[in-house]
Every structure is written in structure tokens, then in C-alpha cells.
Amino acid sequence: GSFSAAAEKLFISQQGLSMAVLRLEKELSCTLLKRTTAGVELTEQGEYLLPRAKEIVAAVVACEGHFEELRRRKTTVEVACAYGVMGEFGGQLIRDFRAQFPDFSITVAEYPDKLCEQAVAEGQAEVGFAVAPVDGRTFDSKIIRSNQGCLVVHKDHPLAARDIIQISDLKGIPLMVMNESFKVYRNLLACCREAGFEPSISFKAGEASIIQKLVADGGDPGIAVDFICEEFQNPHVKAVRIAGTALKWCPCLIRRKGEELSVPAAAFWRFVVKRIPSEER
């Protein structure tokens, strides 16, 4: 009977309520409410809609309650993981989580960087270990750690005598790099273009180990990350640090923006965040 009283009950402004009613009337192409000297009354169309609207709202509330109960009772965490993250540190995190939360189970699926983000965005996984940067409009994220980008070269390559190089030193050098599904590819393009040149890419790899092997066999230099070079130690290969932060490899924990996680997924998120070193937090 009163817009102002209804607005107060709904904890919104009277203007906001009036606009909501106008939008509904426009959508239905009819008038639902009429103002009289006695207050606000339903029109004939409003009388028709009211009981059906109550049924609709009740059905929505019931559905929300059903799925909230499923969410609450869920015991499995689905985790998407970018290639390289699990081998570097994710395995230990998951083992420790299982030990601390034996009632929860956890499943992990590996993807290239872009597909990892897609898996979380589309709901195939509630949380993910992605590679920064990620779209802040789509994800909540927390950087877990930072690894230095480097150039892997054969020991006989001229750059093997250097301990550190600049992005500009890559100009004109044929490079091997991970393919477009990986952040390192896009980061390399961005860094080189910022330095005023296009990189000369001779090979796009689908996995890091092939770059290491080709370099050891005398192939072109490759873009890699320090921990991968340590893992694939070879006397014929040297890792030369690339100065700056743009080519750093920064794994991060991600979830869909503002979405409430299931109980086990929320526990996993808190567990991982607590394990992040304070300087990364």
C-alpha cells in the first residue's frame, strides 16, 4: 500500500524501488500498480501476477536452498592446475591438506595456463593454480610465489658467457618458447615490443622439457624459468638470468570473482593462503 513503507522494509531507496517496478512493467508491457489517494493498489494485471510471482519466488528460494545444501555437504575439492605448478610445489600442498583434512578429498587436473583459467571460470574446478597475471574482473587471486625468467643456451653460445642479460639482448636471436596457451609466450611478446622489437620465434613448444633437450642438442636458445632449468640440469646447457620482472613466472591461487566456495574448497583456499610466504602476501 505504500512505496516508502515497502522500500524501508526492503532496505532500499524509494526511488530504487520505483525504478524496479517500472522496469518490471516495461518488461511485461503492462501497468501493475496504480497510485490513488488511499495509497498504492494493484491493477488487474497486478492481481493476476501477484500469486504467480509468489510461486516463482518460492520456487527460486527452494532451488537455492537445495543447491546450498549440496554445497554444504560436498566433500571433494576440484582443483585446476597450470602445467609446472604441481611439480614445483603443489604436490606438497595437497599432501599436507589431505593430512590436515582427512574428511575431504581432492582431485587435480592439469591444463595449459589459459585453459586452467577457463576451467575455473566455467565451473569445472572451484579453485585453481594459475599463472599471473589473471583478469581481476573474473577472478579473485593471490600470488603464491615468484620465479625468475631466464634464457637457456648451449654452453658454446656467445650468451653463455653472461650471467644476466637484458630483453634488448634477445633482438634478432631465434628463440624457442612455450606456445600461445602459456603466459610466458604473451609475456615475451609484450616485453620485446616494449623494448621496440618483435621477437624471432623459431619454435613453439607444448612442454618445457623439449626446449631443454633441443638446446642441449645445439638448438636455438629458449625462454624458460629458473626452477625448470634446475630440474633439467645438463652440462651442455646454461641458464642466463633475464633482468627485470616482466618475464617472471608467478603462480597464483584463483577462484571465480566473489563466488562462495563449498566448505572443502573454502578450507583448501584458506589452507593455501596461510602457507603463502608473508612477503608474497
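The structure contained in this document is the topic of the report that follows. (Residues numbered from 1 in each chain as written. Predicted model: local features only at pLDDT ≥ 70, side-chain atom pairs only at ≥ 80, totals over all residues. Heavy atoms only, no water.)

What follows concerns empty space enclosed by the protein. Empty space left among the atoms is revealed by rolling a probe the size of a water molecule over them. For the structure on display, the rule yields one cavity of 30 Å³ or more. In this structure, the largest cavity occupies an estimated 40 Å³ of space. If you go around the largest cavity, the residues you meet are V131, K183, V184, N187, L247, K248 and W249. Tallying contributions element by element places helix α6 (residues 183-194) first for the lining of the largest cavity, with three residues. When grouped by side-chain class, the residues that make up the lining of the largest cavity number four nonpolar, one polar and two charged. (1 Å grid on protein atoms, 1.4 Å probe; cavity = no way out; pocket = protein on both sides within 12 Å on 5 of 7 lines; lining within 4 Å. Points joined across faces, edges and corners; volume = space filled by probe spheres on them. Helix = DSSP H or I, 4+ residues; strand = E, 2+ residues; numbered from the N terminus. Nonpolar A, V, L, I, M, F, W, Y, C, P; charged D, E, K, R; others polar.)

Taken as a whole and assessed by the stated rule, the structure comprises seven aromatic pairs. The ring centre of F3 lies 4.3 Å from the NZ or CZ of R35, which sits over that ring. (Phe/Tyr/Trp six-rings, centres within 6.5 Å; stacked < 30°, edge-to-face > 60°. Lys NZ or Arg CZ within 6 Å of the ring centre and 35° of its normal.)

On to the sheet that holds strand β6 (residues 139-143). Spatial strand order, β4-β3-β5-β13-β6: five strands in an open sheet with mixed pairing. Sheet topology places β4 (105-111) and β6 at the edges, where each strand pairs with a single neighbour. Going across the sheet, the axis of each strand differs from the next one's by a mean of 25 degrees, ignoring polarity. The pairing of strand β5 (residues 127-131) with strand β13 (residues 251-256) spans five bridges and is antiparallel. Note on β13: the bridge partner recorded for V127 is R255. Contacts between helix α5 (residues 113-121) and the sheet are confined to β3 (76-82), β4, β5, β6 and β13, with β5 contributing the most and set at about 155 degrees to the helix. (Pairing = 2+ DSSP bridges. Axes fitted to C-alpha atoms, helices over the stretch in contact; angles between N-to-C directions. Contact = heavy atoms within 4.5 Å.)

What follows is about the environment of Q148. Note that Q148 resides in the loop between β6 and β7 (149-154). In sequence terms Q148 and M19 are 129 residues apart; their C-alpha atoms lie 53 Å from each other. In contact with Q148, other than residues within four places in its own chain, are A224, V225, D226, R241, I242, G244 and K248. Separated by 2.6 Å, the side chain of Q148 and the backbone oxygen of I242 make a polar contact. (Polar contact = N/O pair within 3.5 Å; in protein donor to acceptor, adjacent residues only side chain to side chain.)

Right, let's talk about the nonpolar core for a bit. With 43 residues, the main nonpolar core has V77, F97, F129, F268 and V272 as its most contacted residues. Of all the elements in the fold, those that place two or more residues in this core are β3, α4 (85-100), β4, α5, β5, α8 (226-231), β13 and α9 (263-275). Residues in contact with V77, not counting those within four places in the same chain, are F97, S105, I106, T107, V127, P264, A265 and F268. The next biggest cluster of nonpolar side chains, apart from the first, holds 32 residues, and it includes L151, C191, I211 and V237. (Core = buried A, V, L, I, M, F, W, Y, C linked by side-chain atoms within 4.5 Å. Buried < 20%, exposed > 50% of the residue type's maximum accessible area, 1.4 Å probe, protein only.)

Summarising the element assignment, S202 is placed in strand β10 (residues 200-205). Each C-alpha atom of the pair S202 and V177 lies 8.3 Å from the other, and the pair is 25 residues apart in sequence. Sequence-distant contacts of S202, defined by excluding residues within four places in its chain, comprise P174, L175, M176 and D220. Polar side-chain contacts of S202 include one of 2.8 Å to the side chain of D220.

Now for the side chain of E25. Mapped onto the elements of the fold, E25 is located in helix α2 (residues 14-28). Of the buried charged residues, E25 lacks a salt bridge, with R35 as the closest side chain of opposite charge at 7.3 Å. Reaching out from E25, the side chain makes a polar contact with the backbone nitrogen of L32 at a distance of 2.8 Å. With residues up to four places along the chain from it excluded, the contact list for E25 reads C30, T31, L32 and L33. (Lys, Arg positive; Asp, Glu negative; His and termini not counted. Salt bridge = Lys/Arg side-chain N within 4 Å of Asp/Glu carboxyl O.)

As a volume, the largest pocket reaches approximately 570 Å³. Mapped onto the lining of the largest pocket, the elements with two or more residues apiece are α1 (3-10), α2, β2 (39-42) and α3 (44-73). Sort the elements by how many residues they give to the lining of the largest pocket and α3 lands first, with six residues. Each residue belonging to the lining of the largest pocket can be placed in one class, and the counts come to 15 nonpolar, three polar and two charged. As a volume, the second largest pocket reaches approximately 410 Å³. Considering the residues around the second largest pocket, the lining is formed by 24 residues, among which Y83, G84, M178, A208 and I228 are closest to the centre. Of all the secondary structure elements, the ones that give two or more residues to the lining of the second largest pocket are α4, α7 (208-216), β11 (222-225) and α8. Split into classes, the residues belonging to the lining of the second largest pocket amount to 14 nonpolar, five polar and five charged.

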